[in-house]
Amino acid sequence: MRRTKHEHPWHGPSLRMRLTLIASGALFVALVVGAFALTTVLSRTRIDALDTVVRERVATIAVLVEDDRLPDELPVAEPGEIAQLLDARGGVLATSPNASRTLPVVPLDTVAVGRGTAVGSTSESAYDDEARIAVRSSTYRGEPVTVVATVPITEVQSVLDALRLALVMVVPVLTLLLGLVVWLILGRALRPVEELRRGAAQVASTGGPGSLPVPRRDDELGALARTLNSMLDRLEAGAARQRRFVADAAHELRSPLATLRASIEVARLHPESYDTAELASDLEAEVLRMQALVDDLLLLARVGSAPSARTDVDLAAVVRDVVPMTAVALVVDGSGRAFAAEALVGRVVRNLVDNALRHATAQVRVTVADGLVVVDDDGAGLAEQDYERVFERFVRLDDARERDAGGSGLGLAIAREVAREQGGDIRLSRSPLGGLRAELRVPVS
């Protein structure tokens, strides 16, 4: 059997996989950006610290030079730091202990000397491949001199290289670990979704009634499961109504159709004893009865299939419109308001009053209050065990089995289903008049 496009399972990556890839990718980008920012900030911070060292060193030596307190060896503190005092020709007048008196740290012509202290980077150092340098002009015993201090940045570069190497190794590992964590968390979080899918697939495969599993936690997935179950219940109720409609129609239409067929057969076989007028009279009664039965069945099939518009309803006015006032006594207690579909409430009231008139001896009374319509009659009433049975479809009690004595057996069934569809209900009890009391309750607001 060929499968429809809706029956094919997915062929692409699952939602769990896509979310894991998105989260891992986002983390990888964040870690890369963070690593770049970390190395940049660390590099700038360390370079600024070295600049501060060489700047303070030339300032200290310049003060010693100007005060003519120049020591034999210039003081230094940082590892690899070199300080020298150069004359106008670039010769070394004084130097730190870790540098030669004959080899200037940088050629003087490669250094831009101006007012104040100049700080920068140099690759011309005779002692280091690359270093931070500070230069300051001064005067020593009347002669112009230049104070130079350098500190290598090899250590900083080594630290940054090690950090970059560590980050290159750590970032992928962290990304994989987080991806695994996200995968596990999503698997746990999406487990109810998978259970819902399996439940829906089972309901679809069986083609019958069923419900979806509801997660124990009261969250969005739980609300979704309850909503879907409510939808499935409503669909099943609609399907059940359709099945009952077909079964009821097949069962109840069989009798009038058989009567019509019998009448036609008799008229065909014995035309001399069955004139046209008598045939038309018999057929008309059965056709009208069948039409009323079909109308009731169609109404039952429509109940609950679509919500009806509800408005503020005057129950007393509804009773006056659908009930012959010459046949009943109307009592209004209060405003008699309700919130429902007026036409449907009118149909329920008419069915209840018709049932009361059919079984009453002499009196039928209708009492109206807010959200309540009570129909009393003085007939024979019902046994208490029959109060619920009479609401079943096509139920006729022993004293009402004859077609002339009762209706189609759908009146009370229609009344209760319509009342419940409107948010109300019908209850039967013993009437103070001696017969049956039917109470219709509908929402007030």
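What counts, and where the lines are drawn
- Residues numbered from 1 in each chain as written.
- Predicted model: local features only at pLDDT ≥ 70, side-chain atom pairs only at ≥ 80, totals over all residues.
- Heavy atoms only, no water.
- Core = buried A, V, L, I, M, F, W, Y, C linked by side-chain atoms within 4.5 Å.
- Buried < 20%, exposed > 50% of the residue type's maximum accessible area, 1.4 Å probe, protein only.
- Helix = DSSP H or I, 4+ residues; strand = E, 2+ residues; numbered from the N terminus.
- Axes fitted to C-alpha atoms, helices over the stretch in contact; angles between N-to-C directions.
- Parallel < 35°, antiparallel > 145°, perpendicular 65-115°, else oblique.
- Left-handed = near helix turned anticlockwise from the far one by under 90°.
- Nonpolar A, V, L, I, M, F, W, Y, C, P; charged D, E, K, R; others polar.
- Contact = heavy atoms within 4.5 Å.
- pLDDT = per-residue confidence, 0-100.
- Phe/Tyr/Trp six-rings, centres within 6.5 Å; stacked < 30°, edge-to-face > 60°.
- Lys NZ or Arg CZ within 6 Å of the ring centre and 35° of its normal.
- Polar contact = N/O pair within 3.5 Å; in protein donor to acceptor, adjacent residues only side chain to side chain.
- Salt bridge = Lys/Arg side-chain N within 4 Å of Asp/Glu carboxyl O.

Caption draft 1: The arrangement of the nonpolar core in detail. Formed by 42 residues in total, the largest nonpolar core has its most connected members in Val349, Leu352, Val366, Val375, Ile426, Leu428 and Leu440. By residue number, the principal contributor to this core is helix H6 (residues 342–359), which donates six residues. Leu70, Ala83, Val147 and Leu160 belong to the second-largest nonpolar core, a separate cluster that totals 20 residues.

Caption draft 2: Spotlight on the packing of helix H1 (residues 15–66) against helix H2 (residues 154–206). Orientation of H1 relative to H2, taken along the N-to-C sense of each, is 155°, at an axis distance of 8 Å. On the basis of the axis angle, H1 is roughly antiparallel to H2. Of the two possible hands of crossing, H1 and H2 adopt the one that is right-handed. For the contact of H1 with H2, the per-class residue count stands at 25 nonpolar, seven polar and three charged.

Caption draft 3: Representation of the environment of leucine 50 in the model. In this structure, leucine 50 sits in helix H1. Sequence separation of leucine 50 and glutamate 81 is 31 residues, and the distance between their C-alpha atoms is 9.7 Å. With sequence-adjacent residues up to four places away left out, leucine 50 is seen in contact with Arg132, Val151, Pro152, Ile153 and Val156.

Caption draft 4: View of the confidence of the model for the protein chain. Here the protein chain shows a mean pLDDT of 80. Residues at 70 or above account for 88%. Within the protein chain, no element has a lower average pLDDT than strand S7 (residues 329–332), which sits at 73, and none a higher one than strand S12 (residues 436–441), at 92. Scored below 50 in pLDDT, residues 1–8 shows two contacts in the model against residues more than four places distant or in partner chains. Every residue in residues 400–406 is under pLDDT 50, and counting partners more than four places away or in other chains gives eleven contacts.

Caption draft 5: Local environment of the packing of aromatic side chains. Following the criterion strictly, the structure yields zero aromatic pairs and no others. Arginine 16 extends its terminal NZ or CZ atom over the ring of tryptophan 183, reaching a point 3.9 Å from the ring centre. Between the NZ or CZ atom of arginine 416 and the centre of the ring of phenylalanine 391, over which it lies, the distance is 3.8 Å.

Caption draft 6: Broad picture of the side chain of glutamate 81. Following the sequence through the fold, glutamate 81 ends up in the loop between H1 and strand S1 (82–86). Within the structure, glutamate 81 has its side chain in polar contact with the side chain of arginine 57 (distance 2.5 Å). Ignoring sequence-local partners within four residues, the contact set of glutamate 81 consists of Val53, Arg57, Val76, Ser96, Asn98, Thr150, Val151 and Pro152.

Caption draft 7: The arrangement of the pattern of salt bridges in detail. All chains considered together, the criterion is met by 16 salt bridges. Between arginine 141 and aspartate 68 there is a salt bridge, with its nearest N and O atoms 3.4 Å apart. Pair noted here: arginine 141 is in the loop between strand S4 (131–140) and strand S5 (143–152) and aspartate 68 is in the loop between H1 and S1, with a separation of 73 residues, a long-range link. Owing to a relative accessible area of 64%, arginine 141 belongs among the exposed residues under this scheme. One salt bridge connects aspartate 376 with arginine 365, and the closest N-O pair in it is separated by 3.8 Å. Highlighted residues: aspartate 376 in strand S10 (residues 372–377) and arginine 365 in strand S9 (residues 364–369), separated in sequence by eleven residues. Since its relative accessible area comes to 24%, arginine 365 is described here as partly exposed.

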